[in-house]
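Residue-level structure breakdown
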Amino acid sequence: MALSGMRGLSVFISDVRNCQNKEQERLRVDKELGNIRTRFKNEKGLTPYEKKKYVWKMLYIYMLGYDVDFGHMEAVSLISAPKYPEKQVGYIVTSCLLNENHDFLRLAINTVRNDIIGRNETFQCLALTMVGNIGGREFAESLAPDVQKLLISSSFRPLVRKKAALCLLRLYRKNPDVVNVDGWSDRMTQLLDERDLGVLTSSMSLLVALVSNYHDAYWSCLPKCVKILERLSRNQDVPQEYTYYGIPSPWLQVKTMRALQYFPTIEDPNTRRSLFEVLQRILMGTDVVKNVNKNNASHAVLFEALALVMHLDAEKEMMSQCVALLGKFIAVREPNIRYLGLENMTRMLMVTDVQDIIKRHQAQIITSLKDPDISIRRRALDLLYGMCDVSNAKDIVEELLQYLSTADFAMREELSLKAAILAEKFAPDLSWYVDVILQLIDKAGDFVSDDIWFRVVQFVTNNEDLQPYAAVKAREYLDKPAIHETMVKVSAYILGEYGHFLAQRTGCSPKELFSIIHEKLPTVSTSTIPILLSTYAKILMHSQPPDPDLQNQIWAIFSKYESCIDIEIQQRAVEYFALSRKGAALMDILAEMPKFPERQSALIKKAEDNEVDTAEQSAIKLRTQQQQNSNALVVADPQPANGTPPVGQLGLVKVPSMTSTADLKPVDQGLTQANGTMTKVDPYPPDSSADLLGDLLGPLALEGPPSTAAQLEQNYVPGIDGVPSTADALALAPVEEPANSVQPIGNIAERFHALCLKDSGVLYEDPHIQIGIKAEWRAHHGRLVLFLGNKNTSPLVSVQAIILPPSHLKMELSLVPETIPPRAQVQCPLEVVNLRPSRDVAVLDFSYKFGHAAVNVKLRLPAVLNKFLQPIPVSAEEFFPQWKSLSGPPLKLQEVVRGVKPLSLPEMANFFTTLRLMVCPGLDPNQNNLVASTTFYSEATRAMLCLIRIETDPADRTQLRMTIATGDPTLTFELKEFLKEHLISVPTAPRAPAPPPVSQPTPPPATLNDPGAILAGLL
Amino acid sequence: MGIRFILMVNKQGQTRLAQYYEYLTLEERRALEGEIVRKCLARTEQQCSFVEHRNYKIVYRRYASLFFLVGVDNDENELAILEFIHLLVETMDRHFGNVCELDIMFHLEKAHFMLEEMVMNGCIIETSKTNILAPIQLIDKAT
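Here we summarise the structure given alongside this text. Note that this is a predicted model, so its numbers are computed, not measured.

1. Things to note about the packing of helix H15 (residues 269–285) of chain A against helix H17 (residues 316–329) of chain A
Axes are the key here: two packed helices are described by the angle between their axes and the distance separating the axes. Residues and elements named next belong to chain A. With their axes 11 Å apart at the nearest point, H15 and H17 run at an angle of 30° to one another. Relative to H17, H15 is oriented roughly parallel. Remark: the crossing between H15 and H17 carries left-handed chirality. Packed against H15, whose contacting residues are Phe276, Leu279, Gln280, Leu283 and Met284, the element H17 presents Met318, Gln321, Cys322 and Leu325 at the interface.

This is how it looks when you write it as C-alpha cells:
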C-alpha cells in the first residue's frame, strides 16, 4: 500500500482514525480546522502543494460530517493553477464543497470557460466534469455553445466528448433553451452513429433526458437506438474493455432500452421487427448462471427488456411470456430476483390484458408478504394492493388483516390504511366492510388513524340496513377485556345512535349498554369523553319508558363533568344535562344523525397526498391512473338498497367516466338534498371538502353541538329535507324553496355560458345582490374573485358561500363575511387548481337573508375545461408525426356529431378561438376542414398537447366529424365531449328572455337527446 | 436523474467516501447517512440488495468490512447499479491491487478521481477500466 503523496494528509487521517471516541475526533478536527484557517490567512506563504493538501483535508473533514465554512475561495482559486495536479484538486474539491448558488463559483466562470475552449484536453475534461456536476443557469447561458461544439466535433477525442455530452445534459436541465430542438435533433441522431462506447454511453443519457421532455423531435433517433441494441446484443464491434463478464456493456444496453421507452410507439414495421427480435432473444436467451456478477448483469438487461416489452404493448403471446417469467422470478430463492419480480409485476398491472394471468400467482405473492426481508414484503404489499379488485378483495384483505398482527411496526400504518381502502373500494357487501374495519381497529388500533373510523361511522349512518348489524358488532367488541381506545370511540358512537335496535337482545337494554360503555370511561383520554357523554345522552333518550335509576346515574355523570377543565366536555355536560330535563323535546334534539353528504374518501385522499414514502406511492398512483374517475365509495353493488342515490354523486353535473361501467349513467340528480340540513350548518369554512382536515372533522363537528343547530334549521327553513332540485343538471337553476320569493334577474344559465367564454362578468343578480366574477388563468392554476355587491340600503345577513368542487378541482375560497353592509361590495378570492381533465363543474352554494326572505341559489362556476387551455400554434412538421403517433383509441377518438348549430367555417374558427383553441390554417388541404391545436394543463397531465380536426359537410352544416388526439385517454374523451357540448346548441332555460351572449349565434332547438350522438359519446 | 449519491461506509458506520450528485445541506447529509447506515447495516446476507428509503432506493453491496451504498431514483435499473458497484470495486482492485478499506481511506483523492471518471451528474459515463484509470496513471507518471 503506497502512502498518499501528501504526508500531512495521511498523518491527519490516521490521527482521526485513532481517536477513541467522537469527542476526541471533534477536538482533533477542530484543531486542524484552526490550523488550516491560520494558514489560509497569510496565503502568501503557501505553496501550491500546501494549498492542495489543506484543501483535501477540508474535504475529508466535510465528509466526516463537520461544517467547513471557510476556505472555499482557496479551493476555487486552485482551478486557475497552471499545473494539472493543483487544477484537478481545485475542480474536484470545488464540486464537492460548493453548489451552483455559491458566489465563488460564479467568479470562476471565466477560468472554467478558458479551460473548456483551450487546447489542453485534460483541462477540458476537468472543467466539463465540474460544470456537469454543479454548473448552474449562468453556466448554461455562457457555456452551452462551446460544450455543444466539443460534443459534435470529431476533431476532439472521445474522452473529451463523452464529458461534453453529460455536461450538456446538466446545462439543458438548468435551462432547456440552451438546446435548440430544431437544430439539435439531427445532431443527436448523428451522435448515435458513434463507434466509441464511452461517448455512446453518455450520449444515451443525454438522449434519455431530451426525449423524456419532448420525444417528438427525436423520432429519427429511434432506429439508431435499435441499431445500437442490435450491435450490442450480437456482440459486434464491442471492444473487450466494454464487455462485462462476457456481456457487451450491460449499462449501455439498459440505457438504450430506457430511451426507447420514452417513445410512445414504434411505427416503422422494420424497426419494430428488428427490436422485437432483439427483445425475444433477451427474453428467451437469459439463463441462470453460477457467476453472480454475470447473472446480475444479464438479468439487469432482461428486466429492462421486460419493461420495454410492456411499454410497447406487444402481442398477447409475448406479454404472457413476460408474466410467466415474472411468475418464475417471484418464486426463486435469490432475493434480488424475487424483489425485482414483484416490482415488475406491479408495473405489469398497467397492461390491461394480463391482470388475470397475474392473479394466478396470488398465492405466491401472499407468501412473499411473509418474507423475512422487509424490502420484499413491501413490494408484495404494493402488488397485492394494486391487483386487488372485486373478485379477490375478500381474500387479499383477509390476508392483510392476518398479517397485521405479526407485521413490523414500520409497516403497520401503511398496511392498515391499505386494507381500509381496499375494503371500502371493493367490499362485496357492506357488513363485510364493517367487519374489516372493526378487526383493523381491534388488531392495530394504534395504527388506525381517525379518518378510518370516521369513515366507517359515515357508512353506517348513510346505510340504514347496516345499522343494526354494526350495533351488534360494536356490542360484541365491548365484551373483550382490553380494547383499544379507538374501539371505545367507534362502539360508543354506534351504540349511542343505533343501540336501541338491540333492545330486545339479552345484555343490550339501555342500562346494560350504558354500564358496559361506562366501564371504559376511566381508561380513556379526554378526547373520547365527549363522545361517551353524547352516547349517554342518546341512551337516556332511547330508554322508554324512562328508567329513573339510569337517569339518575347519567345525570350524576353530567353534573360531575359540568366543572371539567376541558371546555368541550364541560359544555356537553352542561347542555346535555339541561336538555335531558326537557323530556319529550329531547327526542327532537337528539334525533338520529342525518346522512352525511357524500365526499371523496378522506382515506384515499390521504393515500394520494402521502408522497413521503415511495414504497406507498407507486401502487397508489397506479391505482388512481387505472380508475381515474371511479369513486372510492362505490361498492360492488352500485345501487344501495335503501334507495339513496349511488354514493359519490356529489359530482353535480354529469359524471362521465371512461373506466366506470356503462350502467353508471350520469344521474341527473343535481344536488342530493338528503343532507341539505348539514350543508347549512356546517360550521367549517366552505372549502372543507377540498381540505383534508375539514373532511376529517366533519363527523365530529356534527356530533358536537347538534342541538341548537338543528333547531335553528327547523325554525328558518322548514321542510328543506328532500327539496327536489331542478331536474336539468345542465341548468342548475336556483333551488325552488317555498320561502324563496326572490327572483333572479337575467338568465343564470346564460350568464354561466357567457362566462365560460370570457373571464369577467356577472354570475348572478337579483333585487338584493349582484355577484360578479373576474378570473385569471395560468396553466393549471386559476384565481377567481367573487364580487358580492349588496344593492340595498340595509345589510344582507347570514351570507354563506360554499364551494362544491368536483373531484378534479382543488378549490379554496377565502372567508366570506357573514354580513354585507348596505351598498357595499366584498371581494372573495377563490383559488383553483386543476388536477386532471374532466368536464364536471364546480358549484357555488350561495345563501343570504334579507328581511324575511331567505335566498339560496346554486350557481355553476365557470371553472370549466377550456379555461385550462392555452392556444399553441403547431407547424406541419410538428403536427403530422404527433397526429400519426396517436394512432387510435383511447388516445385518438373520432365521432360524427349531428345537430350542430350551423356555423360557417370562419364563424367556427372564431368560436374555437374563444374556446382557446388555436386554429392552424393550411394544415389540412381540404378547404372544408379545420385543424386546431392547444395545450391543456392539469396536475396529472402537466402540459399536454391537444390536436383537433373538424371535417365539415358543406351540404349539411348541422353535422360534422370531429377527431381529437392527445397523449392522455381521459383528456381526449373529455375534450371531445366538451367540444361536442359547445358545438351542439346550448340548451337555454325555457323562461329566459335575456338576450343571448354576443359570441354565440342563436342556437336551434336542443338535440342533446339524439341517441346516436349520446351512444357515440359513450364509446 | 439516475444516481443521487454514492457512499462507502465501514461496518462500524464510519463514512469513508461520500459523493453526492444533488445538493444537500450538511445536516441533511448527516441525517440521511445515519438513517441509511442504520437500515442497511442491520440486514443479513439472505436479504436482497435493495432498500427503499424516503424518495430513494438504496442499492448496496458489501465487500469485507466495507459497504458500498448507491442512492438512486425510484426508476433506476437496480441490477445494473448493483453491478456498477462491482465494476467500481474491480477498477479499484486493478489500481490498488486487492483494494481494502485503508486504501480508500488514505487515498481519498484517488478514489475520487476514479469515481469522477465513472459517474458524472448522476449518470454513468465510462465503464472501461483502462479508460477510467488513464488520468490517474497520467498523474502517477508525472510525480
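2. Quick word on the packing of aromatic side chains
Residues and elements named next belong to chain A. Evaluated as defined, the whole model comprises 24 aromatic pairs over all chains. On the numbers, 5.0 Å between centres and 70° between planes, the contact of Trp453 with Phe454 is edge-to-face. For the residue pair Trp453 and Phe454, the accessibility class agrees, reading buried in each case. Centroid distance Tyr498 to Phe501: 6.1 Å. Interplanar angle 5°. Geometry classified as stacked. With a relative accessible area of 39%, Phe501 lands in the partly exposed category. A cation sits over an aromatic face here: Arg412 above Phe409, 4.5 Å from the ring centre. When the ring centre of Trp555 is taken as origin, the NZ or CZ atom of Arg581, which lies over that ring, is 4.6 Å away.

3. Side note on the sheet that holds strand S5 (residues 66–72) of chain B
Residue and element names in this part refer to chain B. Sheet architecture is open: 5 strands sit in the order S2-S1-S5-S4-S3, paired in antiparallel fashion. The open sheet is flanked by strand S2 (15–20) and strand S3 (50–53), the only strands paired with a single partner. Averaged over all pairs of adjacent strands, the angle between strand axes in this sheet comes to 20°, irrespective of strand direction. Two strands pair when backbone bridges link them, and strand S1 (residues 3–10) and S5 are joined in this way by 7 bridges, in the antiparallel orientation. Across the sheet, Ile3 pairs through a bridge with Val72, a residue of S5. Sitting on the sheet, helix H1 (residues 26–41) touches S1, S2, S3, strand S4 (56–63) and S5, and the angle it makes with S3 is about 140°. Together, S1 and S2 form the strand contacts of helix H4 (residues 108–118), whose direction differs from that of S2 by roughly 35°.

4. Considerations on the interface of chain A and chain B
On the side of chain B, 64 residues touch chain A, which itself brings 74 residues to the contact. Approximately 6,100 Å² of surface area, both sides summed, lies buried where chain A meets chain B, with 54% of it carried by carbon and sulfur atoms. Taken together, the connections running from chain A to chain B amount to 6 salt bridges. When the shortest N-O distance is used, the salt bridge between Lys162 of chain A and Glu126 of chain B registers 2.6 Å. Where chain A touches chain B, the interface holds 30 residue pairs in polar contact (both at pLDDT 80 or more). Here the element with the most residues in the side of chain A that touches chain B is helix H16 (residues 292–312) of chain A; it accounts for 8 residues. Looking at side-chain class alone, the side of chain A that touches chain B contains 37 nonpolar, 21 polar and 16 charged residues.

So, how was this worked out
- Residues numbered from 1 in each chain as written.
- Chains lettered and ligands numbered in written order.
- Predicted model: local features only at pLDDT ≥ 70, side-chain atom pairs only at ≥ 80, totals over all residues.
- Heavy atoms only, no water.
- Axes fitted to C-alpha atoms, helices over the stretch in contact; angles between N-to-C directions.
- Helix = DSSP H or I, 4+ residues; strand = E, 2+ residues; numbered from the N terminus.
- Parallel < 35°, antiparallel > 145°, perpendicular 65-115°, else oblique.
- Left-handed = near helix turned anticlockwise from the far one by under 90°.
- Contact = heavy atoms within 4.5 Å.
- Phe/Tyr/Trp six-rings, centres within 6.5 Å; stacked < 30°, edge-to-face > 60°.
- Buried < 20%, exposed > 50% of the residue type's maximum accessible area, 1.4 Å probe, protein only.
- Lys NZ or Arg CZ within 6 Å of the ring centre and 35° of its normal.
- Pairing = 2+ DSSP bridges.
- Buried area = accessible area lost by both parts, 1.4 Å probe.
- Salt bridge = Lys/Arg side-chain N within 4 Å of Asp/Glu carboxyl O.
- Polar contact = N/O pair within 3.5 Å; in protein donor to acceptor, adjacent residues only side chain to side chain.
- Nonpolar A, V, L, I, M, F, W, Y, C, P; charged D, E, K, R; others polar.

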